[in-house]
Amino acid sequence: MNPTTQRLVLASTLLLCHQAAAQCQNGWDVGAGVPGTNARIYVTTMWDPDGAGPQPPRLVVGGQFTTAGGIAANRIAQWDPATGAWSAMGTGMNGYVLSLAVMPNGDLIAGGEFST
């Protein structure tokens with residue numbers, strides 16, 4: 001390709017990119033998504049509360065938040081993808097949840113900066 005053709009291709013590409021970028025709106029589209037937490041999430045894992053039972057696996061999140069989906073959930077909560085609903089896990093924790101693990105027997109274990 002000769003230098004003149006290269007410049008034309010480059011100029012056309014830049015113009016097309018500029019036109020495409022100009023069509024994009026700048027901002028967040030909230031849509032119909034699930035409300036999240038009121039503070040940071042540090043860890044997530046999938047957990048099936050009844051093992052091979054009829055309930056689907058749930059997304060468990062841990063962090064520094066105190067609400068999830070508008071409900072009280074002290075630093076640990078679960079989201080059911082089948083229903084799209086958040087739920088607290090007991091009374092939660094009194095400090096940050098920094099790690100989550102599912103044991104071979106199905107137990108969910110949390111670790112972090114908490115004593116209860």
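In what follows, the structure referred to is the one given above.
The structure presented is a predicted model; accordingly, all values stated were derived computationally and were not measured.

Student: Let's hear about the overall build of the protein: which residues, and what values?
Tutor: Within the protein, the regular secondary structure consists of 1 helix and 8 strands. Going from N to C terminus, the protein has its helices and strands arranged as α-β-β-β-β-β-β-β-β. Within the span of the protein, comprising 116 residues, buried residues form 21% of the whole. Sequence separation of at least 24 residues holds for 32% of the intrachain contacts in the protein that already meet a minimum separation of 6.

Student: Residues and numbers for the environment of A39, please.
Tutor: For A39, the position within the fold is in the loop between α1 (3–22) and β1 (41–47). Classification of A39 by relative accessible area gives partly exposed; the value is 26%. Between the C-alpha atom of A39 and that of Q64, which follows or precedes it by 25 residues, the distance is 5.9 Å. Setting aside residues up to four positions removed in sequence, A39 forms contacts with Q64 and F65.

Student: Which residues make up the nonpolar core, and what are the values?
Tutor: Ranked by size, the top nonpolar core spans 8 residues in total: V43, W47, V60, I76, M89, M93, V97 and L100. Among the secondary structure elements, those contributing two or more residues to this core are β1 and β7 (97–102). Apart from residues lying up to four places away in sequence, M93 is in contact with N74, R75, I76, A110, F114 and T116. Counting 6 residues, the second-largest nonpolar core is a separate cluster that includes F65, A73, A77 and W86.

Student: Hey, could you go over a nonpolar patch on the surface for me, with residue numbers and the actual values?
Tutor: Residues Y42, Y96 and L98 make up a contiguous nonpolar surface patch of about 260 Å² in total accessible area. Mapped onto the secondary structure, L98 falls in strand β7. Looking at L98, the relative accessible area reads 39%, which means it is partly exposed.

Student: I'd like a rundown of the side chain of T45, residues and numbers included.
Tutor: Mapped onto the fold, T45 is located in strand β1. Judged by relative accessible area, T45 falls into the buried class, the value being 18%. In this structure, T45 is in contact with R58, L59, V60, L100, V102 and L108, ignoring residues within four places of it in sequence.

Student: Break down the sheet that holds β1 for me, citing the residues and quoting the values.
Tutor: Within the open sheet, the 4 strands sit side by side as β1-β2-β5-β6. Their pairing is antiparallel. Lying at the two open borders of the sheet, with one neighbouring strand each, are β1 and β6 (85–88). Across the sheet, the mean angle from the axis of one strand to that of its neighbour is 25°, orientation sign disregarded. Pairing of strand β5 (residues 76–80) with β6, which is carried by 4 bridges, proceeds in the antiparallel orientation. Paired with W79 across the two strands is W86, which belongs to β6.

Definitions and cut-offs
Residues numbered from 1 in each chain as written. Predicted model: local features only at pLDDT ≥ 70, side-chain atom pairs only at ≥ 80, totals over all residues. Heavy atoms only, no water. Helix = DSSP H or I, 4+ residues; strand = E, 2+ residues; numbered from the N terminus. Buried < 20%, exposed > 50% of the residue type's maximum accessible area, 1.4 Å probe, protein only. Contact = heavy atoms within 4.5 Å. Core = buried A, V, L, I, M, F, W, Y, C linked by side-chain atoms within 4.5 Å. Patch = residues over 30% accessible without salt bridge, like charges linked within 9 Å, V, L, I, M, F, W, Y side chains within 5 Å. Areas by Shrake-Rupley, 256 points an atom, 1.4 Å probe, with all protein chains shown as cover. Salt bridge = Lys/Arg side-chain N within 4 Å of Asp/Glu carboxyl O. Pairing = 2+ DSSP bridges. Axes fitted to C-alpha atoms, helices over the stretch in contact; angles between N-to-C directions.

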